[in-house]
Amino acid sequence: MNKPRQDQFTGALMGCAVGDALGAPIEGRSREQIAAMKGITDGYRPLSHGKANSYPPGQYTDDTQLTMATVKSLIACGRVDGAGIATEFAKLWQSGEIVGAGPVAHRAVKRLLEGVGWEHAAVVDDLPLNGAAMRIAPIGLWHCDRADRLADDVTVASIVTHRHPLAVDAAIAVATAVAHVVTESKIKTAHLLQVVSEAVEERSPCFARRIGQLEAWLELAESTALDAIADVGPARGAKGFGIPAMAEPTVLAALYTFLRSPGDFMETVDCALHIGGDVDTIAAIAGAISGAHSGLDAIPGNLVTGVKDSEEILELGASLFASRYP
């Protein structure tokens, strides 16, 4: 096990933001539509969310906003603190800054703002969306050398907004992957998939089996593998659409895109963006995993400097590392 580096912490946060900001303007398009687009990783595009919400190139969405809010809580509290995370999330809704948040998070934060305690704001029978998995990379960084504490603290961080078991298990899978790649100099596909599947096996054996299946799916033609991933879970996307915003297929897609090119950040993000569907979240997760493994220097400089709040993201990564490894 290698000692983590500061540039891996900053790389994970920046990788999330870059993937998110590249993907947000093309979110919801099909694989066919995205395949016809040119230069989707060359630079950022403007982002529009309805007539009243237009943003300049480099704008990220709630994926990155909630990731950064989680980091701020970790730094302030020195530990994974549900109340601290809830406070940071609430600020984004109170200020009107939140961009593109999903319905599950909206419902939970609404209850937080009404005075419901953070432990009870989310409900267990809400949808198993990917809103916890997309923002959980900082917990994987925080516990990259403390595997025994990871699942419990991921659960604490997740249930602030997402309490469905699959939503939590998907977050555990992502955090486990981040923790693993930070401490391994060379990625071995079978080993990574074993570590991640074992992290959720007792809680979600079907999900664990599908994580294990990725090794075989990586040998298939890309379109065949992506169709298989898109068919996972209770809400399948239309054929050729891409990956819906459900927790399980999102995480499988992010792991798939990373493992296709574990040493190449841009290849990983490019693959994630071409999947179709909820591409900003898939690229944010895959970008965080890749950035955590390869470090900040693996991300092109124009994408680092061009993303919104670039300096703050870099400072948060450095501060998170300093808080964990003083």
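Please refer to the structure placed before this passage.
A.B. asks: Sorry if this is basic, but what is going on with the packing of helix H9 (residues 189-200) against helix H10 (residues 205-217) here?
C.D. replies: How two helices sit against one another is set out by the angle between their axes and by the gap between those axes. Interhelical geometry of H9 versus H10 gives an angle of 175 degrees and a closest axis separation of 8 Å. It follows from the interaxial angle that H9 and H10 lie roughly antiparallel. Of the residues in H10, those touching H9 at Thr189, Ala190, Leu193, Val196, Ser197 and Val200 are Pro205, Phe207, Ala208, Ile211, Leu214 and Glu215.

A.B. asks: Would you explain the side chain of threonine 64 in this entry?
C.D. replies: Inspection of the secondary structure puts threonine 64 in helix H3 (residues 62-77). Excluding residues that lie within four positions of it along the chain, threonine 64 makes contacts with Cys16, Ala17 and Asp20.

A.B. asks: Hey, could you run me through the environment of methionine 134 in this one?
C.D. replies: If you trace the backbone, methionine 134 turns up in the loop between helix H5 (103-113) and helix H6 (137-142). A residue is classified by how much of its surface remains accessible, and methionine 134, at 6% relative accessible area, is buried. Separated by 102 residues in sequence, methionine 134 and glutamate 32 place their C-alpha atoms 24 Å apart. Apart from the residues lying within four places of it in its own chain, the contact partners of methionine 134 are Cys16, Asp62, Asp63, Leu66, Thr67, Thr281 and Ile285.

A.B. asks: Can you help me understand the nonpolar core in this one?
C.D. replies: Taken as a class, soluble globular proteins show a tendency for nonpolar side chains to be buried jointly. With 112 residues, the main nonpolar core has Phe207, Ile211 and Ile229 as its most contacted residues. Not counting residues within four places of it along the chain, the set of residues in contact with phenylalanine 207 comprises Leu166, Asp169, Ala170, Ala173, Val200, Glu248, Val251 and Leu252.

A.B. asks: How do you make sense of the packing of aromatic side chains when you look at a structure like this?
C.D. replies: How two aromatic rings sit relative to each other is set out by the distance from centre to centre and by the angle between their planes. A full pass over the atoms with the stated rule returns 3 aromatic pairs. With 5.1 Å between their ring centres and 85 degrees between their planes, phenylalanine 9 and phenylalanine 321 make a pair best called edge-to-face. With phenylalanine 9 in helix H1 (residues 6-23) and phenylalanine 321 in helix H16 (residues 310-324), the pair connects residues that are 312 residues apart, well separated along the chain. With respect to class, phenylalanine 9 is no different from phenylalanine 321; both count as buried. Measuring from ring centre to ring centre gives 6.3 Å for phenylalanine 9 and tyrosine 325, while their planes differ by 80 degrees; the resulting arrangement is edge-to-face. Remark: tyrosine 325 occurs in the segment after H16 and phenylalanine 9 occurs in helix H1; sequence separation between them is 316 residues. Taken together, the ring pairs connect Phe9, Phe321 and Tyr325 into an aromatic cluster. The ring of tyrosine 325 has arginine 324 lying over it, and the distance from NZ or CZ to the ring centre is 4.7 Å.

A.B. asks: Honestly, the pattern of salt bridges in this entry has me stumped. Any pointers?
C.D. replies: If you walk through the whole model with that rule in mind, you get 12 salt bridges. For lysine 72, the salt bridge is made with glutamate 312, and the minimal N-O distance between the two is 3.3 Å. Highlighted residues: lysine 72 in helix H3 and glutamate 312 in helix H16, separated in sequence by 240 residues. For lysine 72, a relative accessible area of 32% translates into the label partly exposed. Under the relative-accessibility criterion, glutamate 312 is labelled partly exposed at 29%. Here glutamate 222 and arginine 260 are joined by a salt bridge, their closest N and O atoms 3.1 Å apart. Highlighted residues: glutamate 222 in helix H11 (residues 222-230) and arginine 260 in helix H12 (residues 247-260), separated in sequence by 38 residues. Judged by relative accessible area, arginine 260 falls into the partly exposed class, the value being 41%.

A.B. asks: Is there a simple way to explain the side chain of asparagine 130 in this structure?
C.D. replies: In this structure, asparagine 130 sits in the loop between H5 and H6. Contacts of asparagine 130, omitting those with residues within four sequence positions, involve Pro244, Ala245, Met246, Ala247, Thr250, Asp278 and Thr281.

About the criteria used
Residues numbered from 1 in each chain as written. Predicted model: local features only at pLDDT ≥ 70, side-chain atom pairs only at ≥ 80, totals over all residues. Heavy atoms only, no water. Axes fitted to C-alpha atoms, helices over the stretch in contact; angles between N-to-C directions. Helix = DSSP H or I, 4+ residues; strand = E, 2+ residues; numbered from the N terminus. Parallel < 35°, antiparallel > 145°, perpendicular 65-115°, else oblique. Contact = heavy atoms within 4.5 Å. Buried < 20%, exposed > 50% of the residue type's maximum accessible area, 1.4 Å probe, protein only. Core = buried A, V, L, I, M, F, W, Y, C linked by side-chain atoms within 4.5 Å. Phe/Tyr/Trp six-rings, centres within 6.5 Å; stacked < 30°, edge-to-face > 60°. Lys NZ or Arg CZ within 6 Å of the ring centre and 35° of its normal. Salt bridge = Lys/Arg side-chain N within 4 Å of Asp/Glu carboxyl O.

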